[in-house]
Structures are given as structure tokens and as C-alpha cells.
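# Report on the structure
Each chain, written out:
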Amino acid sequence: MQDFGRYFCRVWDKSGSVTSDIAEIDVFPAPQMRFRGLHEMETGTKQAIIDLLSKKRLPGLATWKQVARRYAMRETEISLLEIEKTPAGAMLDRLGSLAPNLTVYYLCKTFKESGLRRLDVANKLSKQMVISVQ
């Protein structure tokens, strides 16, 4: 399940290099499984994501604000989230209310996109992407 994403191939030798087009690979759960909704994410995983997104911004690492913008939250909404005790947690809650059908898989896919590239967050989410169908 964790191997979804965008892939390309680059080959090179002493005369130069060539890069292939990007291929996007999607995965789907086994028949007895389904994608977990964002609202079904385990508390420990959610807290780990909040902690990762709340750490002081390191150069090149996307923040919770960039995720909010990626999901088309307006700057006024982002300003309101900033005054919350845990803005990253408030942002995740807001995503859940704005997009009730948002899955952990799709959110994880977002964190793998260029522009965000938060593989630390994607790795945590990838362990919560599917749930058994009862």
C-alpha cells in the first residue's frame, strides 16, 4: 500500500542524462479492506501528525499552513487557525469538516506531492490508510 506515488527514471553516462516522464501509481485495498476516512484516523497517529506539522519550520519542510492552502482554505481561515492552541490539529479538524469523504490515503498522497514532500508525515499516515470491512 505504501508504494503509491509518482515515479520517474533517470539514466546517465559521461555524455549526459535522460529523464522519463512521470508515472503516477495508485493502489487500492484488498477486497476485505477499504480506505480509512480522515475522521477514522487513530488518535495516536493524528497526534503524531500534529506534532510533526507543529515543529519549528525547518528549511524546505512544508508546514500545516501549506497543507491548508493546498486544500483551498482562505487566508482568513488560516489566520483563525493560527490563534488556536494547536493550529495543525485545528487544520486537520477543519479538513475533516470541509471534506467529510476525505480519506487518509488521499491526504497521504497530498503529503507526497512536490511542493509539500513531507515524507515523515506520509510515512505515519501510510500505516493508517486502510481498515477492515466488518
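In this text the structure is predicted, and so the values were computed from the model without any measurement.

For the coordinates displayed, the defined rule picks out 3 aromatic pairs. Seen in terms of ring centroids, Phe 28 and Phe 35 are 6.5 Å apart; in terms of plane orientation they differ by 55°. Their pairing is tilted. Residue Phe 28 is classed as exposed on the basis of its relative accessible area of 65%. The class of Phe 35 is partly exposed, set by a relative accessible area of 21%. Seen from their ring centres, Phe 35 and Tyr 105 are 4.6 Å apart, and the 15° between their planes marks the pair as stacked. Pair noted here: Phe 35 is in strand 5 (residues 33–35) and Tyr 105 is in helix 5 (residues 104–112), with a separation of 70 residues, a long-range link. By relative accessible area, which is 6% here, Tyr 105 ends up buried. Ring-pair connections join several aromatic residues into one group, and the members of that group are Phe 4, Phe 28, Phe 35 and Tyr 105. One residue, Arg 70, lies across the ring of Tyr 71, its end atom 5.2 Å from the ring centre. For the cation-ring pair, Lys 112 lies above Phe 4, with the distance from its terminal atom to the ring centre recorded as 4.0 Å.

Before going further, it helps to spend a moment on the packing of helix 5 against helix 6 (residues 119–126). Contact geometry of helix 5 with helix 6 gives a least axis separation of 8 Å together with a crossing angle of 160°. Judged by the angle between their axes, helix 5 and helix 6 are roughly antiparallel. With respect to the hand of their crossing, helix 5 and helix 6 are arranged in left-handed fashion. Between helix 5 and helix 6, the residues in contact are Val 104, Leu 107, Cys 108, Phe 111 and Lys 112 and Leu 119, Val 121, Ala 122, Leu 125 and Ser 126, respectively. Residues belonging to the contact of helix 5 with helix 6 are distributed by class as follows: 8 nonpolar, 1 polar and 1 charged.

Here we take up helix 3 (residues 75–82). Those residues of helix 3 that fall on the buried side of the exposure criterion are Glu 77, Ile 78 and Leu 81. The buried residues of helix 3 occupy an angular sector of 100° when the element is viewed end-on, so they sit on one face. Of the residues in helix 3, the exposed ones pointing more than 90 degrees away from the buried face are Thr 76 and Leu 80.

Membership of the largest hydrophobic core comes to 33 residues, with the highest contact counts inside it found for Leu 53, Met 91, Leu 95, Leu 107, Phe 111 and Leu 125. Within the residue set of this core, elements represented by two or more residues are helix 1 (43–54), helix 2 (64–70), helix 3, helix 4 (87–98), helix 5 and helix 6. Excluding residues that lie within four positions of it along the chain, Phe 111 makes contacts with Leu 53, Val 67, Leu 116, Arg 117, Arg 118, Leu 119, Val 121, Ala 122 and Leu 125.

Here we come to the environment of Met 41. Within the secondary structure layout, Met 41 lies in the loop between strand 5 and helix 1. Since its relative accessible area comes to 11%, Met 41 is described here as buried. Excluding residues that lie within four positions of it along the chain, Met 41 makes contacts with Arg 36, Lys 46, Ile 49, Val 104, Leu 125 and Gln 128.

Moving on, we get to unusual backbone geometry. For Ala 72, which is not glycine, the phi torsion reads 65° and is therefore positive. The topology assignment puts Ala 72 in the loop between helix 2 and helix 3. Residues other than glycine seldom take positive phi values, yet Arg 117 does so here, at roughly 45°. With a relative accessible area of 46%, Arg 117 lands in the partly exposed category.

Parameters at a glance
Residues numbered from 1 in each chain as written. Predicted model: local features only at pLDDT ≥ 70, side-chain atom pairs only at ≥ 80, totals over all residues. Heavy atoms only, no water. Phe/Tyr/Trp six-rings, centres within 6.5 Å; stacked < 30°, edge-to-face > 60°. Buried < 20%, exposed > 50% of the residue type's maximum accessible area, 1.4 Å probe, protein only. Helix = DSSP H or I, 4+ residues; strand = E, 2+ residues; numbered from the N terminus. Lys NZ or Arg CZ within 6 Å of the ring centre and 35° of its normal. Axes fitted to C-alpha atoms, helices over the stretch in contact; angles between N-to-C directions. Parallel < 35°, antiparallel > 145°, perpendicular 65-115°, else oblique. Left-handed = near helix turned anticlockwise from the far one by under 90°. Contact = heavy atoms within 4.5 Å. Nonpolar A, V, L, I, M, F, W, Y, C, P; charged D, E, K, R; others polar. Arc of directions from axis to C-beta. Core = buried A, V, L, I, M, F, W, Y, C linked by side-chain atoms within 4.5 Å.

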